[in-house]
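So the chains spell out like this:
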Amino acid sequence: QVQLGESGGDLVQAGGSLRLSCAASGLPFSSYSMGWFRQAPGKEREFVAVISPRGGIRSADSVKGRFTISRDNAKNTVYLQMNSLKPEDTAVYYCAADRSGLPVTTTAPYDYWGRGTQVTVSS
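Residues numbered from 1 in each chain as written. Predicted model: local features only at pLDDT ≥ 70, side-chain atom pairs only at ≥ 80, totals over all residues. Heavy atoms only, no water.

**Here we look at the pairing of strand S5 (residues 46–51)**
Worth spelling out the cut-off: Categorising residues by exposure relies on relative accessible area from a 1.4 Å probe, with only protein chains included: less than 20% of the type maximum marks a residue as buried, more than 50% marks it as exposed, and the intermediate range marks it as partly exposed. Strands are runs of DSSP state E lasting at least 2 residues, helices are runs of H or I lasting at least 4, and numbering of each runs from the N terminus. Here, strands pair whenever DSSP counts at least two bridges between them.
With five of six residues buried, S5 is to be regarded as a mostly interior element. The turn joining strand S4 (residues 33–39) and S5, which pair antiparallel and follow one another in sequence, is formed by six residues; a positive phi near 80° is taken by Gly42. Two elements, S5 and strand S6 (residues 57–59), share three bridges in a ladder whose sense is antiparallel. In the sheet register, Val50 faces S6, and the bridge partner there is Arg58.

**Considerations on the packing of aromatic side chains**
Applicable threshold: Paired rings are identified among Phe, Tyr and Trp, the last through its six-membered ring, by centres lying within 6.5 Å, and are further divided according to the angle between planes into stacked (under 30 degrees), edge-to-face (over 60) and tilted (the rest). Any Lys NZ or Arg CZ that is within 6 Å of a ring centre and within 35 degrees of that ring's normal is treated as a charge sitting over the ring.
Applying the stated criterion across every chain, the model contains five aromatic pairs. Seen from their ring centres, Tyr32 and Tyr112 are 6.4 Å apart, and the 35° between their planes marks the pair as tilted. Of this pair, Tyr32 sits in the loop between strand S3 (18–25) and S4 while Tyr112 sits in strand S10 (residues 112–113), and the two are 80 residues apart along the sequence. In this structure Tyr32 comes out as buried when scored by relative accessible area, which is 7%. Members of the aromatic cluster, each reached through a chain of ring pairs, are Phe37, Phe47, Tyr110 and Trp113. For the cation-ring pair, Arg45 lies above Trp113, with the distance from its terminal atom to the ring centre recorded as 4.9 Å. Taking NZ or CZ as reference, Arg71 lies 4.6 Å from the ring centre of Phe29, over its face.

**A look at the environment of Lys75**
The residue Lys75 is located in the loop between strand S7 (67–72) and strand S8 (77–82) in this model. Residue Lys75 is classed as exposed on the basis of its relative accessible area, which comes to 57%. The sequence separation of Lys75 and Phe29 amounts to 46 residues, and the corresponding C-alpha distance is 9.3 Å.

**Digging into the state of the cysteines**
The condition is simple: Working definition: a disulfide is two cysteine sulfur atoms within 2.5 Å of each other.
Taken as a whole and judged by the stated rule, the model has one disulfide. Paired by a disulfide, Cys22 and Cys95 hold their sulfur atoms 2.1 Å apart. As the torsion about the S-S bond is roughly -80°, the Cys22-Cys95 disulfide counts as left-handed. You can see Cys22 sitting in strand S3 and its partner Cys95 sitting in strand S9 (residues 91–98), a full 73 residues away along the chain.

**Observations regarding the pairing of strand S11 (residues 117–122)**
Burial along S11 is one-sided: the face carrying Thr117, Val119 and Val121 is buried and the face carrying Gln118, Thr120 and Ser122 is not. Pairing geometry for strand S2 (residues 11–13) and S11, over three bridges, is parallel. Following the sheet pairing, Gln13 is matched in S11 by Ser122. Where S9 and S11 come together, three bridges link them in antiparallel fashion. Paired with Val92 across the two strands is Gln118, which belongs to S11.

**Focus on the pattern of salt bridges**
Defined as follows: Here, a salt bridge means any side-chain nitrogen of Lys or Arg that lies within 4 Å of a carboxyl oxygen of Asp or Glu.
Going through the model one piece at a time under the given rule, you end up with five salt bridges. Two residues, Arg38 and Glu46, come together in a salt bridge whose shortest N-O distance is 2.7 Å. Residue classification places Glu46 among the partly exposed positions, given a relative accessible area of 37%. A single network of salt bridges, built from pairs that share partners, joins Arg38, Glu46, Arg66 and Asp89.

That's the geometry; what it means functionally is another story.
Rendered as structure tokens:
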């Protein structure tokens, strides 16, 4: 079965950095787009960044210049490097996989989701 497992979430001070990882199994990873989304309490899940099978990237305006998405197909893993973290980045971060291979930025098209990892940024 398909499984996505996020790791790397932590408590960090504003201005700090974290690197999230998502390891995938049970799917042809190299043919899927891989996305990161986040959800804060009381808010809808929102797009953060996505990377296509060939490395095409789209990211939310709120994180451009601070967050970088990357993938290692040999390791079936997608990463999210987060720098200059702000309190408003606090959320549960979810990894998602889309079989279309397109850099989609909405939640609906994604086929599989991880269970999330908590990122908390203190002021």
